Amino acid sequence: MKTIVQLVTPIITKGIRQLDDVRELERPDLQVRHSLLDRGPASIESEFDEALSIPDTIKKAMEAERDGAHAIVIDCMGDPGLDACREVVSIPVLGPCQTAMYMAGLLAHSFGFITVLDRLRPMIDNMALKYGISALYVSFQAVDIPVLEIGHDPAKLNDALTEKAIRSVRQDGADALILGCTGFLGCAVAMRRGLLDAGLDVPVIDPIPLTVHIADALVKTGLSHSRRTWQPPEIKGLAGYDIPGFPKPR
């Protein structure tokens, strides 16, 4: 059976994620599709941005299931709309932040989170609490590079990530590291090399490859989220949102 994983990038900026970015994850039995929002923010760097991204993320998840996807991965470390999407579709929906944090807990007794901007610290702190893993979350670091500038200077980005990684391990006691932005896809290789050069042998989690493969594993083992935990919403009138199945009030 070929698994179809839909990668939903919950922003409107074209080109920030392309299928070529994840082509190497595909196999004869695994296909990755991609969708981008029609309505929402240019990037997600605040709770405000995340809130604006959720309605169309829900719609894209519903469309993905309708079009034959077997699982959905939300392409943002804020996991925007994760719970809401689980309520409206029956196929597995994974957030890379939740997946990466849980995997870090499997691989180490502590982990650090390295992301784009320091202003995201409260959001990530709250997510670690929500996911019940805050006891292992010992370090937050930011490279001070906005999401829309990540691709401007790859060498500068890799150097900054490696510097923060070494600080997270040596100063904060992190035994595993999470790349805290899905735009950092592919940077784990350079970070891992820099850490080893510094004598630090710790795993570096690149969330998108991990989450796509976990999604594939769930499909192949016949697992999805609990319908007792994420119960379908009641169908009622809905003004201002074009969500399939919800009638517009007259």
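As shown above, the structure is provided for reference.
Quick caveat: nothing in here was measured; it's all calculated off a predicted structure.

Caption draft 1: Looking closely at unusual backbone geometry. The phi angle at Asp79 is positive, at roughly 50°, despite the residue not being glycine. Relative to the helices and strands, Asp79 is located in the loop between strand 3 (71–74) and helix 3 (82–88).

Caption draft 2: Inspection of helix 4 (residues 96–107) at higher detail. In this model helix 4 runs 16 Å from its N-terminal to its C-terminal C-alpha over twelve residues, within 8% of the 16 Å that 1.5 Å per residue would give. Those residues of helix 4 that fall on the buried side of the exposure criterion are Pro96, Cys97, Gln98, Thr99, Ala100, Met101, Met103 and Ala104.

Caption draft 3: Structural context of the packing of helix 4 against helix 8 (residues 207–220). Contact geometry for helix 4 and helix 8: axes closest at 9 Å, N-to-C directions at 90°. What the angle tells us is that helix 4 and helix 8 run roughly perpendicular. The segment helix 4 lies against helix 8, with Pro96, Thr99, Ala100 and Met103 engaging Pro207, Leu210, Thr211 and Ile214. Looking at side-chain class alone, the contact of helix 4 with helix 8 contains six nonpolar, two polar and no charged residues.

Caption draft 4: Region of the structure containing the sheet that holds strand 4 (residues 93–94). Strand order in the open sheet made by the four strands is 2-1-3-4, with parallel pairing throughout. Every interior strand has two partners, whereas the edge strands, strand 2 (30–36) and strand 4, have only one. Across four bridges, strand 1 (residues 3–9) lies against strand 3 in parallel orientation. Bridge pairing in strand 3 links Gln6 to Ile72.

Caption draft 5: Broad picture of the pattern of salt bridges. For the coordinates displayed, the defined rule picks out 16 salt bridges. A salt bridge links Asp216 to Arg27; the nearest nitrogen and oxygen atoms lie 2.6 Å apart. Taken as a pair, Asp216 in helix 8 and Arg27 in the loop between helix 1 (19–22) and strand 2 lie far apart in primary sequence, 189 residues in all. On the basis of relative accessible area, Asp216 is assigned to the buried category, the value being 5%. Residue class for Arg27 comes out partly exposed when judged on its relative accessible area of 33%. Between Lys60 and Glu63 there is a salt bridge, with its nearest N and O atoms 3.8 Å apart.

Definitions and limits used
- Residues numbered from 1 in each chain as written.
- Predicted model: local features only at pLDDT ≥ 70, side-chain atom pairs only at ≥ 80, totals over all residues.
- Heavy atoms only, no water.
- Helix = DSSP H or I, 4+ residues; strand = E, 2+ residues; numbered from the N terminus.
- Expected span 1.5 Å × (residues − 1).
- Buried < 20%, exposed > 50% of the residue type's maximum accessible area, 1.4 Å probe, protein only.
- Axes fitted to C-alpha atoms, helices over the stretch in contact; angles between N-to-C directions.
- Parallel < 35°, antiparallel > 145°, perpendicular 65-115°, else oblique.
- Contact = heavy atoms within 4.5 Å.
- Nonpolar A, V, L, I, M, F, W, Y, C, P; charged D, E, K, R; others polar.
- Pairing = 2+ DSSP bridges.
- Salt bridge = Lys/Arg side-chain N within 4 Å of Asp/Glu carboxyl O.

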